[in-house]
Amino acid sequence: MDNTQPAPRLAASAPATPRTALRVCSDPNNLPFSNQAGEGFENRIAELIAKEMKLPVEYTWWAQRRGFIRNTLRAGDCDLVIGMPSSMELALTTRPYYRSTYVFVYRADAGLDVRSFDDPVLREKRIGVHLVGDDGANTPPAHALASRGIIGEKVRGYMLYGDYAQPNPPAKILDALAAGEIDVAIVWGPLAGYFVPRQKVAMEIVPVQPQIDVPFLPFVYDISMGVRRDDALLKAQVEQVMMRRRAGIDAILDEYGVPRVGPRRSEPQESTR
């Protein structure tokens, strides 16, 4: 798709009250995505969008776990979520601005070359996966391992939203890998892309295969921005900025080491909404 594609058409009606800030719903302790110090790539992208719209950024901070959308976006306390799956039903999503994947991570000195959930070596190794929510629900990697009979003491769970009194709770799984407590970690790509270079030991990052497991378990996701379902005007405004500044957004993602897969990363795709 070339750069001459027309920008999304704005809704005809103007908002009842002029927008005085770009009000962003965000997590205060979730690097590499966001934190209260503004150090995440979603913070940087929010600033880029707000600058283009000639607005300041105002944040509503809420831990991005169960109830995040209900207590922020849908409550009307903020208007834009910078990163969510394009297929999310709770919001009106923009065109995706990146597609990433789960990855295998292992120490460079481990002598491993794991590239698939079907690699028999996984049955012999200690594997770390994230768990989600207070009930310890399984993430896609945990389901993929379980479907292959890789369960029990060899698989260790790390809470994705662990102790919020500590910085960067999701990164604890990679700290465990560096310390030799596990042999392989299977994590969401952007987390690995940011934290692996910050570990004291060298590590390898390898996209998982298959991209979609049977019967239908995806490991690759399109990521969009999201607004309330009745805010088509803001969606169109944000998409205009995404198209004008897509090179700048790509540069931010590159800076944070976000792995991209699938369609050309800067190419706008039709929303799944």
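Anyway, here's the lowdown on the structure attached to this text.

How each quantity is defined
Residues numbered from 1 in each chain as written. Predicted model: local features only at pLDDT ≥ 70, side-chain atom pairs only at ≥ 80, totals over all residues. Heavy atoms only, no water. Salt bridge = Lys/Arg side-chain N within 4 Å of Asp/Glu carboxyl O. Helix = DSSP H or I, 4+ residues; strand = E, 2+ residues; numbered from the N terminus. Buried < 20%, exposed > 50% of the residue type's maximum accessible area, 1.4 Å probe, protein only. Polar contact = N/O pair within 3.5 Å; in protein donor to acceptor, adjacent residues only side chain to side chain. Contact = heavy atoms within 4.5 Å. Phe/Tyr/Trp six-rings, centres within 6.5 Å; stacked < 30°, edge-to-face > 60°. Lys NZ or Arg CZ within 6 Å of the ring centre and 35° of its normal. Core = buried A, V, L, I, M, F, W, Y, C linked by side-chain atoms within 4.5 Å. Axes fitted to C-alpha atoms, helices over the stretch in contact; angles between N-to-C directions. Parallel < 35°, antiparallel > 145°, perpendicular 65-115°, else oblique. Nonpolar A, V, L, I, M, F, W, Y, C, P; charged D, E, K, R; others polar. Disulfide = S-S within 2.5 Å. Arc of directions from axis to C-beta.

1. Looking at the pattern of salt bridges
A side chain with one charge may pair with a side chain of the opposite charge, provided their charged atoms come close.
In step 1: Applying the stated criterion across every chain, the model contains 16 salt bridges.
In step 2: A salt bridge links R23 to D79; its shortest N-O distance comes to 2.9 Å. Residue R23 is found in strand 1 (residues 22-26), and its partner D79 is found in the loop between helix 2 (68-71) and strand 5 (80-85); the two are separated by 56 residues along the sequence.
In step 3: Ionic pairing is found between D113 and R115, a salt bridge with its closest N-O pair at 2.8 Å.

2. Section: the side chain of N43
In step 1: Looking at the secondary structure, you find N43 in helix 1 (residues 41-52).
In step 2: Relative accessible area serves as the criterion here: at 2%, N43 is assigned to the buried category.
In step 3: Engagement of the side chain of N43 in a polar contact is seen with the side chain of Y59, the distance being 3.0 Å.
In step 4: What N43 contacts, discounting residues up to four positions off in sequence, is S26, F33, S34, N35, G38, Y59 and W61.

3. Quick notes on the environment of F41
In step 1: Tracing the chain through its elements places F41 in helix 1.
In step 2: Excluding its chain neighbours within four sequence positions, the residues that come into contact with F41 are P32, F33, Y98, P190, I252, L253, Y256 and V258.

4. Some details on the environment of R244
In step 1: The residue R244 is located in helix 6 (residues 232-244) in this model.
In step 2: Placed 192 residues apart in sequence, R244 and E52 show a C-alpha to C-alpha distance of 9.2 Å.
In step 3: Within the structure, R244 has its side chain in polar contact with the side chain of E52 (distance 3.3 Å).

5. Focus on the packing of aromatic side chains
In step 1: The tally for this structure, following the rule as stated, stands at twelve aromatic pairs.
In step 2: Judged by centre distance (6.1 Å) and plane angle (75 degrees), the ring pair of F41 and Y98 falls under edge-to-face. Pair noted here: F41 is in helix 1 and Y98 is in strand 7 (residues 98-107), with a separation of 57 residues, a long-range link.
In step 3: With a relative accessible area of 3%, Y98 lands in the buried category.
In step 4: Counting every residue linked through ring pairs, the aromatic cluster contains F33, F41, Y97, Y98, Y194, F195 and Y256.
In step 5: Cation over ring: R65 sits above Y164, and NZ or CZ is 4.7 Å from the ring centre.
In step 6: Directly above the aromatic system of Y194 lies the positively charged group of R198, at a separation of 3.7 Å from the ring centroid.

6. A few points about the nonpolar core
In step 1: By size, the foremost hydrophobic cluster in this structure holds 69 residues, and its most contacted members are I45, Y97 and V105.
In step 2: With eight residues, the next largest nonpolar core counts C25, I69, C78 and M84 among its residues.

7. A closer look at the packing of helix 1 against helix 6
In step 1: Where helix 1 contacts helix 6, the two axes come as close as 10 Å, and the packing angle between them is 105 degrees. Relative to helix 6, the element helix 1 is oriented roughly perpendicular. Listed contacts from helix 6 to L48, I49 and E52 of helix 1 are V238, V241 and R244.
In step 2: Here the contact of helix 1 with helix 6 is built from residues that sort into four nonpolar, no polar and two charged.

8. Looking at the state of the cysteines
In step 1: Counted according to the given criterion, the structure contains one disulfide.
In step 2: Residue pairing for C25: its cysteine sulfur links by disulfide to C78, the two sulfurs lying 2.1 Å apart. As the torsion about the S-S bond is roughly 115 degrees, the C25-C78 disulfide counts as right-handed. Placement of C25 in strand 1 and of C78 in the loop between helix 2 and strand 5 is noted, with a sequence separation of 53 residues between them. Both residues of the pair, C25 and C78, belong to the buried class.

9. Considerations on helix 7 (residues 246-255)
In step 1: Along helix 7, the residues classified as buried are R246, I249, D250, I252 and L253. The arc that holds the buried residues of helix 7, viewed along the axis, is 160 degrees, so those residues lie on one side. Away from its buried face, by an angle of more than 90 degrees, helix 7 presents the exposed residues A247 and E255.
In step 2: Those residues of helix 7 that are buried lie in contact with helix 1, strand 7 and helix 6.
In step 3: Directly after helix 7, the chain includes G257, whose backbone phi takes a positive value near 75 degrees.

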